Amino acid sequence: MAIKLTTTRDSVKSIKVLVYGQAGAGKTCLSATTGGNALIISAEAGLLSLRDTDIAVAEVQSMDDLMEVYELLKNNHEDFKDFDWICIDSISEIAEVVLNKAKKDHKDPRAAYGVLSEQMQDLVRAFRDLPRNVYMSARMEKQQDQDTGRMLYQPSAPGAKIGQALPYFFDEVFVLRIEKNPETGEMERMLQTQPDFNYQAKDRSGALDYYEPADLSIIANKILNTPNA
C-alpha cells in the first residue's frame, strides 16, 4: 500500500500565521520573536527595525526572485535547509510587485488583476504548504459597513479578491493591536486572535487566549504543545 497513514495529532508539526496591522505597529519586528532559525523574505526596504538582530534575509524584487527562494526552500538547498521559520514581509508588498509586472504585460487592467489573483493564490499556497513554520505579514485596510456604519478592519492587498481571500489560507489570522494594559497602564503590542465587531481574526487551534503577547515563539509553543489543540 502506497498510502501512509498518520494521525491528526502527528500531522500538525508547524504553524501557519497571517498577521495584519497598521503601519508602524511592529509586524516586521515579529520576525525576531520566532525563537528559531528564521529566514525573512522581504520585498520592502523596511528592515531598519531589525537592525540590532542577526536574521537571514532574502530580498526579492520580482516574482522570479520569490519563486527561486521557494524552490531553494522546497528542495532543501544546503543554504536553506536549516530554516524552521519562513517570514514573508509583507505579502501585501509582494502582491504590488506581481501587479506591477502584470500591468506591464497586459494592457487590459482586468487581465492584469486576473493574473494577480491567480499568481498570488498559487504563491500563498506554495509557501504555506512548506513543512516549516510560516509567518506572513499584511497591511490593514478599513471599510465602513453600509448597513451599520461600523468600521471593519481586515488584511489588505491590491485587488479586492486577494485581500478577502488571504484569511482563508491560514489557520491562524491575527491583528496586531497597540492597547493599554489595564494593570500597568502602559501601551503594549498584542495579538488579537479572535474576531470582534470590528476586526477579523481566527484561531483554529483553540489553544490561544483572546489576546496573546506579540511573540511568535509563545504562539507556536501554545499551539504545538497543547493537548487536543
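Cut-offs used in this document
Residues numbered from 1 in each chain as written. Predicted model: local features only at pLDDT ≥ 70, side-chain atom pairs only at ≥ 80, totals over all residues. Heavy atoms only, no water. Helix = DSSP H or I, 4+ residues; strand = E, 2+ residues; numbered from the N terminus. Rg over C-alpha atoms; globule rule 2.2 N^0.38 Å. Buried < 20%, exposed > 50% of the residue type's maximum accessible area, 1.4 Å probe, protein only. Contact = heavy atoms within 4.5 Å. Areas by Shrake-Rupley, 256 points an atom, 1.4 Å probe, with all protein chains shown as cover. Lys, Arg positive; Asp, Glu negative; His and termini not counted. Charge placed at Lys NZ, Arg CZ, Asp CG, Glu CD. Phe/Tyr/Trp six-rings, centres within 6.5 Å; stacked < 30°, edge-to-face > 60°. Core = buried A, V, L, I, M, F, W, Y, C linked by side-chain atoms within 4.5 Å. Salt bridge = Lys/Arg side-chain N within 4 Å of Asp/Glu carboxyl O. Axes fitted to C-alpha atoms, helices over the stretch in contact; angles between N-to-C directions. Parallel < 35°, antiparallel > 145°, perpendicular 65-115°, else oblique. Left-handed = near helix turned anticlockwise from the far one by under 90°. Expected span 1.5 Å × (residues − 1).

Tell me what's going on with the overall build of the chain, and back it up with residues and numbers.
Looking only at helices and strands, the chain has 6 helices and 10 strands in total. For the chain, the C-alpha radius of gyration of 18 Å lies close to 17 Å, the compact-globule estimate for 229 residues. Across the 229 residues in the chain, those meeting the buried criterion constitute 44%. Summarising the internal contacts of the chain: among those between residues at least 6 apart in sequence, 61% fall at separations of at least 24. For the chain, the exposed surface amounts to about 12,900 Å²; the carbon and sulfur share of it is 47%. Taking the 26 positively charged and 35 negatively charged side chains of the chain as two groups, their mean positions are separated by 5 Å.

Explain the environment of Val98 residue by residue, including any values.
Considering the arrangement of structural elements, one finds Val98 in helix α3 (residues 91-105). Taking the C-alpha atoms as reference, Val98 lies 34 Å from Leu208; in sequence the two are 110 residues apart.

Would you mind going over the environment of Leu18 in detail, with residue names and values included?
Secondary-structure assignment places Leu18 in strand β1 (residues 16-21). The residues touching Leu18, leaving out its near neighbours within four places in the chain, are Met136, Ala138, Pro155, Leu166, Pro167, Phe170, Glu172, Val173 and Phe174.

Can you explain the packing of aromatic side chains? Please cite residues and give values.
The final tally for this structure, using the stated rule, is 4 aromatic pairs. Ring geometry for Tyr210 against Tyr211: centres 5.0 Å apart, planes inclined by 85°, an arrangement best described as edge-to-face. By relative accessible area, which is 34% here, Tyr210 ends up partly exposed.

How would you sum up the nonpolar core? Please name residues and give values.
Judged by nonpolar contacts, the single largest core of 43 residues is most densely connected at Leu39, Ile41, Leu73, Ile91, Phe127 and Met136. Listed in part, the 21 residues of the second largest apolar core include Ala25, Leu30, Ala38 and Trp85.

Hey, could you go over the pattern of salt bridges for me, with residue numbers and the actual values?
Inspection of every chain in the model, using the stated rule, returns 10 salt bridges. Lys81 is paired through a salt bridge with Glu78; the nearest N and O atoms lie 3.3 Å apart. Taking the shortest distance from any N to any O, the salt bridge between Asp209 and Lys222 comes out at 3.2 Å. Here Lys222 lies in helix α6 (residues 216-225) and Asp209 lies in the loop between β9 (202-203) and β10 (211-213), a separation of 13 residues in the sequence.

If you had to explain the packing of helix α2 (residues 63-74) against helix α4 (residues 109-128) to someone new, which residues and values would you point to?
Running from N to C, α2 and α4 cross one another at 25°; their axes reach a closest spacing of 11 Å. As judged from the angle between their axes, α2 and α4 are roughly parallel. Remark: the crossing between α2 and α4 carries left-handed chirality. Of the residues in α4, those in contact with Met63, Leu66, Tyr70 and Leu73 of α2 are Gln119, Leu123, Ala126 and Phe127.

Could you give an account of α4, naming the residues involved and the relevant values?
The end-to-end C-alpha separation of α4 is 28 Å, in line with the 28 Å expected for 20 residues at 1.5 Å each. Of the residues making up α4, those classed as buried are Ala112, Leu116, Ser117, Met120, Leu123, Val124, Ala126, Phe127 and Arg128.

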